[in-house]
Structure formats: C-alpha cells, structure tokens
Amino acid sequence: MSVFYKELYVFNQQKPVKAIIRNYTENDFDSLIDIQKASFPPPFPSELWWNKEQLHNHVSFFPEGTLCVEIDGELCGSMTGLLKHYTHGDSHQTWDEATDSGYIKNHDPNGNSLYVVDICIKPTYRKYGLGKWMMQSMYETVVALNLDRLLGGGRIPGYHKYADSLAIDGYVQRVVDGEIYDPVITFLLKCGRTPVEVIPNYLEDEESHHYGLLMEWKNPFKK
C-alpha cells in the first residue's frame, strides 16, 4: 500500500491555516459519518449517509483511494475512489453501477482508472478550498499508481433552471464556454477535469434532471 500524508496551508479568507491530507482508517469512521450528517441534513435520507460496512470496504479493498483532510485535529472532509478499467466509448454507468452503491465490491485491482465514489466537505469548511486540494491529492495518487486517469460523474445541479429552454448537451456546452455557472461542473472544471459525456439517469437527482456528466483528468505522465 502507498501511504498518503501531506501537510499544507489552506486559507480562511486571508489567514493561513495548517491542514493535513491523509488516508482515512477505521478510527475515523465516526467522524466521516458526522461529516455526511452535517453535509446532507434532513430531509436528505439518513440511509444514504456512509455506513460502517461501506467505509470498511473502502479501507479494505482500496486504502489508497481513501483520503481525508483535518484541521486542528478535526476531520472536515473526505474523498473516496476505486479502480476500474475504462476505455473511451464504454457503455454509460449510473453511480450505483460504477460504485456498487458505495460498497465498491466491484473494485478492480488491475484497473487503469481511478473512479471517484464521493467527495464531501463539511459546510463550515467550504470556503477553505479543501475540495480542490482533495482533488489534487487524488490526482497525485493517480500518478503514484501509474494509472491512466481519474474519472468520475458530476451532478449538474444548475440544469433545472434551464431545462425548459436548453437540451442537456447545450447546457453543458454553455457551462464549459463560461456563459453559465454550475455549482458542481464549474468547480470540477476549476479542478482540471474535462468533460467526456453526459450520462442519463446517473443519480436520482431532480435538480440535475437525473443527468450526470462524466469528467476525467488524464495522467500527464502517461502517453
């Protein structure tokens, strides 16, 4: 196992704050579930928060794909991935299919791509830029493991505002062109991800009209 541990400074407005990004372990499970509770409060269904069986699978099947960030000893975000084999043109997969509903029993140790299962930052820490640093750290994991790419589906939560006037492909193109701001897709573009294709019925998500956008980051050291 490649162990990930990084110390860095993030910023609360103009103030530097020391943060640690590392692999999460069984000792972190309660804190990881607390992050989910804070990030997805009721009426979000509690059965969709991480449970300990899922988290146990994450650290057992692919510990390199388990990252968390802490500030002053408090866990304030996490990111999880699995390995799968992917080539452009493969059939669409929903989030449930791609991640085994978060249980990652479909993790392929010989896969060529790291697929993002989840990224979650506690609301009180969302102005620190932690999501971008977590994504950067997972890119570093892709390079360390000599994988082809990082891959993942993003929600398209701004689409419901435009669905009556724009087809989904047109909406995505306008986001990429900078004419529309989408809270998730624009964030992923800022993190260096590039669109691959729209996936219908990716998630039960009315804001996105159930669409997801598959986006990738290619390992720059692989031809």
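Note that the coordinates shown come from a computational prediction; the quantities given were computed from them, not determined experimentally.

(A) Up close: the state of the cysteines. All told, the structure shown has 0 disulfides when counted by the stated rule. No disulfide involves C120; its sulfur sits 11 Å from that of C76, the nearest cysteine. Owing to a relative accessible area of 3%, C120 belongs among the buried residues under this scheme. We note that C191 lacks a disulfide partner, and the nearest cysteine sulfur, in C120, lies 15 Å from it.

(B) A look at helix α2 (residues 52-61). When we look at burial in α2, the residues that qualify are Q54, L55, N57, H58 and V59. On the buried face of α2, the contacting elements are α1 (29-39), β3 (66-71) and β4 (74-84). With a side-chain oxygen positioned 3.0 Å from the backbone nitrogen of E53, the residue opening α2 is N51.

(C) Inspection of α1 at higher detail. Those residues of α1 lying buried are F29, L32, I33, I35, Q36 and S39. One side of α1 carries all its buried residues, which in axial view fall inside an arc of 150°. Those residues of α1 hidden inside the fold are in contact with α2, β4 and β5 (113-121).

(D) Broad picture of the pairing of β4. Burial runs high along β4: 10 of the 11 residues are buried. Summarising the sheet, β3 and β4 pair through 6 bridges and their orientation is antiparallel. Within β4, the residue paired with E70 across the bridge is L75. Note that β4 and β5 share 8 bridges and pair antiparallel.

(E) Examining the side chain of E70 more closely. In this fold, E70 is placed in strand β3. Looking at E70, the relative accessible area reads 15%, which means it is buried. A polar contact of 2.9 Å, which involves the side chain of E70, links it to the side chain of R22. Apart from the residues lying within four places of it in its own chain, the contact partners of E70 are K18, A19, I20, R22, L75 and C76.

(F) Highlighting the packing of α1 against α2. Remark: α1 packs on α2, axes separated minimally by 11 Å, with the N-to-C direction vectors making an angle of 120°. As the angle between them shows, α1 and α2 are arranged oblique. Considering how the two elements wind past one another, α1 and α2 form a crossing that is right-handed. Contacts between α1 and α2 involve F29, D30, L32 and I33 from the first element and K52, L55, H56 and V59 from the second.

About the cut-offs
- Residues numbered from 1 in each chain as written.
- Predicted model: local features only at pLDDT ≥ 70, side-chain atom pairs only at ≥ 80, totals over all residues.
- Heavy atoms only, no water.
- Disulfide = S-S within 2.5 Å.
- Buried < 20%, exposed > 50% of the residue type's maximum accessible area, 1.4 Å probe, protein only.
- Helix = DSSP H or I, 4+ residues; strand = E, 2+ residues; numbered from the N terminus.
- Contact = heavy atoms within 4.5 Å.
- Polar contact = N/O pair within 3.5 Å; in protein donor to acceptor, adjacent residues only side chain to side chain.
- Arc of directions from axis to C-beta.
- Pairing = 2+ DSSP bridges.
- Axes fitted to C-alpha atoms, helices over the stretch in contact; angles between N-to-C directions.
- Parallel < 35°, antiparallel > 145°, perpendicular 65-115°, else oblique.
- Left-handed = near helix turned anticlockwise from the far one by under 90°.

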